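# Structure at a glance
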Amino acid sequence: MILTPDNKLKKLIVIGDRILIKPLQPDQRTASGLYLPPGMQEKEKVQQGYVIKTGPGYAIPLPVENEPWKSEEEQIKYIPLQAKERDLAIFLLNGATEVMYQGDKYFIVPQSAILMLERDDEL
């Protein structure tokens with residue numbers, strides 16, 4: 001999902017090292033062809049979904065000596081996250097927080113709960 005100016009997710013701000021993920025629809029059948037009951041896939045410990053938005057990253061602590069000539073914006077610095085919008089993320093469900101926003105299900109996941117990212121460089 002790509003964020004557009006008229007998109008409802010434009011108003012959301014993700015904080016710190018958190019990542020907003022839209023989960024993929026789980027398969028309704030197993031590899032052998034058995035149909036799974038509703039909610040079975042949600043009990044899996046590992047989920048996957050697309051990164052919708054990311055936070056600014058890990059904040060770097062301010063030095064002890066405060067330099068009055070620096071503006072407030074220069075004092076706050078972040079280590080950026082590895083995840084980027086439109087990446088496919090495989091993450092641990094126990095580290096995620098499930099939220100509903102305007103009828104859609106999302107997960108807020110810290111970067112430490114993400115196991116792997118798949119990035120399509122052509123996008």
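Shown above is the structure to which this text applies.
Residues numbered from 1 in each chain as written. Predicted model: local features only at pLDDT ≥ 70, side-chain atom pairs only at ≥ 80, totals over all residues. Heavy atoms only, no water.

## Remarks on the pattern of salt bridges
Tallying each qualifying case throughout the model produces two salt bridges. A salt bridge links Asp 17 to Arg 18, with the shortest nitrogen-to-oxygen separation between them at 2.7 Å. A residue is classified by how much of its surface remains accessible, and Arg 18, at 36% relative accessible area, is partly exposed. Taking the shortest distance from any N to any O, the salt bridge between Asp 87 and Arg 119 comes out at 2.7 Å. Linking Asp 87 in the loop between strand S4 (77-79) and strand S5 (88-92) with Arg 119 in the segment after strand S8 (114-118), this pair joins segments that are 32 residues apart in sequence. Taking the relative accessible area as the measure of exposure, Arg 119 reaches 38% and is therefore partly exposed. (Salt bridge = Lys/Arg side-chain N within 4 Å of Asp/Glu carboxyl O. Buried < 20%, exposed > 50% of the residue type's maximum accessible area, 1.4 Å probe, protein only. Helix = DSSP H or I, 4+ residues; strand = E, 2+ residues; numbered from the N terminus.)

## A few points about the nonpolar core
By size, the foremost hydrophobic cluster in this structure holds 13 residues, and its most contacted members are Ile 19, Ile 21, Val 51, Phe 91, Phe 107, Val 109 and Ile 114. Mapped by element, the contributors of at least two residues to this core are strand S1 (18-23), S5 and strand S7 (104-110). When neighbours within four sequence positions are excluded, Ile 21 is seen to be in contact with Gly 49, Tyr 50, Val 51, Ile 52, Ala 89, Phe 91, Tyr 106, Phe 107, Val 109 and Ile 114. If you look at the next biggest cluster of nonpolar residues, it comprises five residues, including Leu 9, Leu 20, Ile 52 and Tyr 106. (Core = buried A, V, L, I, M, F, W, Y, C linked by side-chain atoms within 4.5 Å. Contact = heavy atoms within 4.5 Å.)

## Side note on the sheet that holds strand S2 (residues 46-54)
Strands sit in the order S6-S7-S1-S2-S5-S8 across an open sheet of six strands; the sheet is antiparallel. Only two strands of the sheet have a single partner each, and these edge strands are strand S6 (97-101) and S8. Here the average twist between neighbouring strands, direction ignored, is 40°. As judged from the four bridges shared by S5 and S8, these two strands associate in the antiparallel manner. Looking at the pairing, Phe 91 lines up with Ile 114 of S8. (Pairing = 2+ DSSP bridges. Axes fitted to C-alpha atoms, helices over the stretch in contact; angles between N-to-C directions.)

## Structural notes on the side chain of Asp 87
Classification of Asp 87 as buried rests on a relative accessible area of 2%. Side-chain polar atoms of Asp 87 contact the side chain of Arg 119, separated by 2.7 Å. Among residues more than four places away in sequence, those in contact with Asp 87 are Gly 49, Tyr 50, Val 51, Gln 82, Leu 117, Glu 118 and Arg 119. (Polar contact = N/O pair within 3.5 Å; in protein donor to acceptor, adjacent residues only side chain to side chain.)

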